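# Understanding the architecture of this molecule
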Amino acid sequence: MFVNKEGLAQQLYLEGCKLLAKRLEEVPPSSDFLQHLLDLGEAFWQFAQDYTSYYKLMFGGLLPSSSRMQKVCRER
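Residues numbered from 1 in each chain as written. Predicted model: local features only at pLDDT ≥ 70, side-chain atom pairs only at ≥ 80, totals over all residues. Heavy atoms only, no water.

### So, the environment of L14
- On the secondary structure map, L14 appears in helix α1 (residues 5–25).
- Classification of L14 by relative accessible area gives buried; the value is 6%.
- Residues L14 and M58, 44 residues apart in the sequence, show an inter-C-alpha distance of 9.0 Å. (Helix = DSSP H or I, 4+ residues; strand = E, 2+ residues; numbered from the N terminus. Buried < 20%, exposed > 50% of the residue type's maximum accessible area, 1.4 Å probe, protein only.)

Here it is as C-alpha cells:
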C-alpha cells in the first residue's frame, strides 16, 4: 500500500523507467551510428505507443517534481 499519491506516482514512474530501459536495451547494436540512433528512436516511439499511460506519466509533465523523479530513475 502506498502512503500517498506521490509514492504511487514514484513507483509507477520507476516501473516505466524499467520498461523503457528494457525496450532500449533490446535494440541490437549496429556499426552504423545513424541507423542505431534511428532504431533507438523507433524503440522509444514504440514504447510510447505500447505504454501510453507510462509515457504520459514520465514525459507529459503530469508530475510537478519530474526532475526529482528522473534523478530517482537514474539511481536505480
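That was the structure; now back to the text.
### Brief notes about the pattern of salt bridges
- Going through the model one piece at a time under the given rule, you end up with 2 salt bridges.
- Residue K22 pairs with E26 through a salt bridge whose shortest N-O separation is 2.9 Å.
- Put simply, D50 and R23 hold a salt bridge, and the shortest N to O gap is 3.0 Å. Here the residue D50 occupies a position in helix α2 (residues 33–50), and R23 occupies one in helix α1, the gap between them amounting to 27 residues.
- The exposure class assigned to R23 is buried, which follows from its relative accessible area of 18%. (Salt bridge = Lys/Arg side-chain N within 4 Å of Asp/Glu carboxyl O.)

### Some points on the packing of α2 against helix α3 (residues 52–59)
- Between α2 and α3, the shortest axis-to-axis distance is 5 Å and the interhelical angle comes to 110°. Taken as axis vectors, α2 and α3 run roughly perpendicular relative to one another. Note on element contacts: α3 touches α2 through T52, Y54, Y55, M58 and F59, opposite F44, F47, A48, Q49 and D50.
- Here the contact of α2 with α3 is composed, by residue class, of 7 nonpolar, 2 polar and 1 charged. (Axes fitted to C-alpha atoms, helices over the stretch in contact; angles between N-to-C directions. Parallel < 35°, antiparallel > 145°, perpendicular 65-115°, else oblique. Contact = heavy atoms within 4.5 Å. Nonpolar A, V, L, I, M, F, W, Y, C, P; charged D, E, K, R; others polar.)

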